[in-house]
Amino acid sequence: MNEIKNHLDKNENFKSIKSDTLCLVGGGVLASQQLSEVFLRSTDLTSSGIKNLISLFIARENAVTILENIIPKRKLTITPGLCIDYALCKYFGAQKIEISDKGIKEGYLKKYLLH
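About the thresholds
Residues numbered from 1 in each chain as written. Predicted model: local features only at pLDDT ≥ 70, side-chain atom pairs only at ≥ 80, totals over all residues. Heavy atoms only, no water. Helix = DSSP H or I, 4+ residues; strand = E, 2+ residues; numbered from the N terminus. Expected span 1.5 Å × (residues − 1). Buried < 20%, exposed > 50% of the residue type's maximum accessible area, 1.4 Å probe, protein only. Arc of directions from axis to C-beta. Contact = heavy atoms within 4.5 Å. Pairing = 2+ DSSP bridges. Core = buried A, V, L, I, M, F, W, Y, C linked by side-chain atoms within 4.5 Å. Phe/Tyr/Trp six-rings, centres within 6.5 Å; stacked < 30°, edge-to-face > 60°. Lys NZ or Arg CZ within 6 Å of the ring centre and 35° of its normal.

Asker: Go over helix 4 (residues 47-58), please, and point to the residues and values.
Answerer: Compared with an ideal rise of 1.5 Å per residue, which puts twelve residues at 16 Å, helix 4 spans 16 Å between its outermost C-alpha atoms and is within 8% of the ideal. Of the residues making up helix 4, those classed as buried are S47, G49, I50, L53, I54 and F57. The arc enclosing the buried residues of helix 4, seen along the axis, measures out at 155°, which places them on a common side. Of the surrounding secondary structure, the elements contacted by the buried residues of helix 4 are helix 3 (27-40), strand 2 (45-46), helix 5 (63-70), helix 6 (78-92) and strand 3 (96-99).

Asker: Pulling in residues and values, what's your account of the sheet that holds strand 1 (residues 21-24)?
Answerer: Taken together, three strands build an open sheet; the order of strands is 1-3-2 and the sheet is mixed. A single partner strand is all that each edge strand has here, and the edge strands are strand 1 and strand 2. Where strand 1 and strand 3 come together, four bridges link them in parallel fashion. For L24, the partnering residue across the bridge sits in strand 3 and is I99.

Asker: Tell me about the environment of L22, and please be specific about residues and values.
Answerer: In this fold, L22 is placed in strand 1. Put simply, L22 and I97 are 75 residues apart on the chain and 4.8 Å apart in space, counted from C-alpha to C-alpha. When residues no more than four places from it in sequence are discounted, the contact partners of L22 are D85, L88, C89, F92, A94, K96, I97 and E98.

Asker: A description of the nonpolar core should follow, citing residues and the corresponding values.
Answerer: Counting residues in hydrophobic clusters, the biggest one holds 24 residues, and the most contacted among them are L22, L35, F57, I78, L82 and I97. Where this core is concerned, the elements lending two or more residues are strand 1, helix 3, helix 4, helix 5 and helix 6. Counting residues per element, this core draws most heavily on helix 6, at seven residues. Beyond its immediate stretch of four places on either side in the chain, L82 contacts S32, L35, I50, L53 and I54.

Asker: Quick one: what's the story with the packing of aromatic side chains, residue by residue and with numbers?
Answerer: All chains considered together, the criterion is met by three aromatic pairs. Taken together, a centroid distance of 6.0 Å and an interplanar angle of 90° make the contact between F14 and F92 edge-to-face. Of this pair, F14 sits in helix 2 (residues 12-15) while F92 is found in helix 6, placing the two residues 78 residues apart along the sequence. A residue is classified by how much of its surface remains accessible, and F14, at 29% relative accessible area, is partly exposed. Taking 5.3 Å as the distance between ring centres and 85° as the angle between the ring planes, the aromatic pair formed by F39 and F57 counts as edge-to-face. Of this pair, F39 sits in helix 3 while F57 sits in helix 4, and the two are 18 residues apart along the sequence. The exposure class of F39 is partly exposed, given its relative accessible area of 30%. Assessed through its relative accessible area of 3%, F57 is described here as buried. Put simply, the rings of F14, Y91 and F92 pair up and form one aromatic cluster. Above the ring of Y91, the side-chain terminus of K18 is found at 5.4 Å from the ring centroid.

This is the structure in structure tokens:
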């Protein structure tokens, strides 16, 4: 978490941003939402929910097996992704996570093909 904070601190513009909602994009956050539905019985992603999910998987010997059954494509990357998402929530003061209906590909296309 400190490494993410240190990286974000390098950009002065980020230091002043605080928001109760963080908007994230991509398959990792969608997989996090799936885990939240299964283990927390909620489709709403929150900072505390992510922290609970991290606690569920970080110390379990059978975590990869459990994740294989729910999100096979993300079984090895979901726990680090959850940690990054949690660090971002803490950095920006966000309690809630919104998932964008647009993806990285749309942003890339908009930036490089439309301009």
